[in-house]
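# Coordinate analysis (summary)
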Amino acid sequence: MPKGRGGPPAASTEKAKDFKGTVKKLWGYLSSHKIALVIVGILTIASTVFSVVGPKILGNATTELFNGLISKYSGGSGINFVKIGQILLILLCLYVASAIFSYIQGIIMTNISQKLAYRLRKEVSKKMNKIPMSYYDSKTHGEILSVITNDIDTLSQNLNIEATQIISSIATIIGILIMMFSIDWIMTLIALVVLPLSAIIIALIMKKSQKYFTDQQNFLADVNGNVEEMFSSQNVIRVFNAEDKMIKNFEKDNKKLADVAWKSNFISGLMHPIMNFIGNLGYVVIAIIGSYFAIIGRITVGNIQSFIQYMKNFTNPIGQIAQISNMLQSMIAASERVFDFLSVEEEKEKSKKFIPINEVKGSVEFQNVKFGYNPDKIIIKDFSAKVKPGQKIAIVGPTGAGKTTIVKLLMRFYELNSGKILVDGHNINEYRKEDIRGLFGMVLQDTWLFNGTVMENIRYGRLNATDDEVIDACKMAHVHHFIQTLPDAYNMVLNEETTNISGGQKQLLTIARAILADPKILILDEATSSVDTRTEILIQKAMDKLMEGRTSFIIAHRLSTIKNADLILVMDNGDIVEQGTHEELLKKEGFYYKLYNSQFEK
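My aim in this report is to walk through the structure given alongside it, one point at a time. If you're wondering where the values come from, they're calculated on a predicted model, not measured in any experiment.

### Structural notes on the pattern of salt bridges
Counted according to the given criterion, the structure contains 8 salt bridges. The partner of Glu-123 in a salt bridge is Arg-119, with the nearest N and O atoms 3.1 Å apart. One end of the pair, Glu-123, and the other, Arg-119, are both in helix α3 (residues 81-128), 4 residues apart, so they sit about a helical turn from each other. For Asp-151, the salt bridge goes to Arg-337, with nearest N and O atoms at 2.7 Å.

Next up, the structure:
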């Protein structure tokens, strides 16, 4: 049972939807460790048995000491210290053996749980690259991250604790009952009367404190949310002078949390003193009855001591089992989420025979493409366009027109509802997905740099590139001079705390990465949106050189950046409403003309 002021919040335990099915899957992962698990079980039982036998042997020492004192006062030989020493030596050996067995099984079980966590993380990591992009649209980043971190950790840690503790608790209960009955069956039955009373009190206290523990978890989430907002939004809070409002909101939630936390801990904290009181009453009754039995010669004095110690130890494993049941539910629920993620249907190739990608010229054709992220909400209705090798194709249109979606379809992040996309005259479904994606180089609006040196971040575009090739790519992106001004230059480590690199400079680094990759087809999605005018000019020069001889798709809101495009596709509501060069579209004075002029209106 929980001790001290408050036990674990039983109400917050999450239950699995398919308990039996999840346990079966979990056992499938553990079955490769069958022999180790059997050894753990044997060692745990042996450790428990040696520990349980201890009080009985200690009672024999007490009996020998008592008999020796009586013998001394009645003119006998007195206390036999040699025999008592032998008894205590046996007891010491048992406790040492119990500790050694417990230590060994702990090492083995930790090894099993960590190997399981390693295997699951490895499988989840591989799975992330194989499941459809549509899955990520239906889940938040936090949900997926929680599977890899919290759920696998919960599974590993709880498995390490529960597997041995539940065996130990059951073995302890059985062992203590056997030892108590071996001392005296009448005293054992009297002692067992205390159990139903204890169970009723535990149930009543847990039922009463349950709702407060639930409220405590909910209010704790509110308080953490407030703290996170205050830390992450300091600029906004101070600009709008909202410090007092945020503090009041925090104090309100903090007071609610303090109130329910006090109630939950006060009520659950009653459990320990009440159980102690009931236990002490039981000890008094056993002491009285045991003394009477000792007087009439039914049991020895040492048996009374052993029995009281067994009584004291009997409630501990019962409380442990109650706690384990909660931990088990939490572990199985976490396991279920991990297995649900691993069971997500992976991307499937539509063709069994694939065309090898050798020399790609770069022609792209969209034929009556129709697509929607949801079947009942079509975004791309009827998109058709022909792109010649080496052309610069600009895709423009208002927000939500479907510009970025077209690029995602081109890279086979999603499957079409209908229509075709051809690369060099072949349907992209005839190529392997990894081959198609290997043709493209992307520079996105949101820069992505990982924790590593500048050199490592740029070399991500082509892992086998030499240092000289990386430097050449940086020169083409007009970022080499800036890198040389950094502390440690190309060896400077970039991370979240890097504050001396602007958004535009980060974008230049990602462009250098794309240049290094030397892609067949280039995709620029708002690549210059986060840079100033001077940096934009540098990027445009680098992009013009990079796009020479390559088919390039340029998604842009700033129409001034795509004046030199070979073809501009104007999209609205999933369709191409106009197409042509910059000058041709302006002469038409249609949708593009209005869109272009709207950016220069004051």
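### Points about the packing of helix α6 (residues 185-192) against helix α10 (residues 271-295)
The packing of two helices is summarised by the inter-axis angle and the distance between the axes. Between α6 and α10, the least distance of the axes is 11 Å, while the angle of their chain directions is 170 degrees. Taken together, the axes of α6 and α10 lie roughly antiparallel to each other. Together, Ile-186, Met-187, Ile-190 and Ala-191 of α6 and Val-285, Ile-286, Ile-289, Gly-290 and Phe-293 of α10 make up the contact between the two elements. Residues of the contact of α6 with α10, tallied by class, amount to 8 nonpolar, 1 polar and no charged.

### So, the sheet that holds strand β11 (residues 567-572)
Strand order in the open sheet formed by 6 strands is β6-β9-β10-β3-β11-β12, with mixed pairing between adjacent strands. Strands at the two margins of the open sheet, each flanked by one partner only, are β6 (440-443) and β12 (575-580). Put simply, the sheet's adjacent strands are angled 20 degrees from each other on average, direction ignored. Alignment of β6 against strand β9 (residues 521-525), held across 4 bridges, turns out to be parallel. Looking at β9, one finds that Gly-441 is bridged to Leu-522. Strands β3 (392-396), β6, β9, β10 (551-555) and β11 of the sheet are contacted by helix α12 (residues 403-410), whose axis makes an angle of about 145 degrees with β10. The sheet strands contacting helix α20 (residues 591-598) are β3, β11 and β12, and the helix crosses β11 at an angle near 90 degrees.

### Details of the environment of Ile-554
On the secondary structure map, Ile-554 appears in strand β10. Owing to a relative accessible area of 12%, Ile-554 belongs among the buried residues under this scheme. Put simply, Ile-554 and Val-407 are 147 residues apart on the chain and 9.7 Å apart in space, counted from C-alpha to C-alpha. The contact partners of Ile-554, leaving out residues within four places of it in the chain, are Lys-392, Ile-393, Ala-394, Ile-395, Leu-524, Met-547 and Ile-562.

### Describing helix α15 (residues 467-476)
Among the residues of α15, Val-470, Ala-473 and Cys-474 are the ones counted as buried. All buried residues of α15 fall inside an arc of 100 degrees around its axis, so they share one side. Along its buried surface, α15 packs onto α14 (454-459), α16 (480-484) and α17 (503-517). One or two residues past the end of α15 sits His-478, with phi positive at roughly 60 degrees.

Analysis parameters
- Residues numbered from 1 in each chain as written.
- Predicted model: local features only at pLDDT ≥ 70, side-chain atom pairs only at ≥ 80, totals over all residues.
- Heavy atoms only, no water.
- Salt bridge = Lys/Arg side-chain N within 4 Å of Asp/Glu carboxyl O.
- Helix = DSSP H or I, 4+ residues; strand = E, 2+ residues; numbered from the N terminus.
- Axes fitted to C-alpha atoms, helices over the stretch in contact; angles between N-to-C directions.
- Parallel < 35°, antiparallel > 145°, perpendicular 65-115°, else oblique.
- Contact = heavy atoms within 4.5 Å.
- Nonpolar A, V, L, I, M, F, W, Y, C, P; charged D, E, K, R; others polar.
- Pairing = 2+ DSSP bridges.
- Buried < 20%, exposed > 50% of the residue type's maximum accessible area, 1.4 Å probe, protein only.
- Arc of directions from axis to C-beta.

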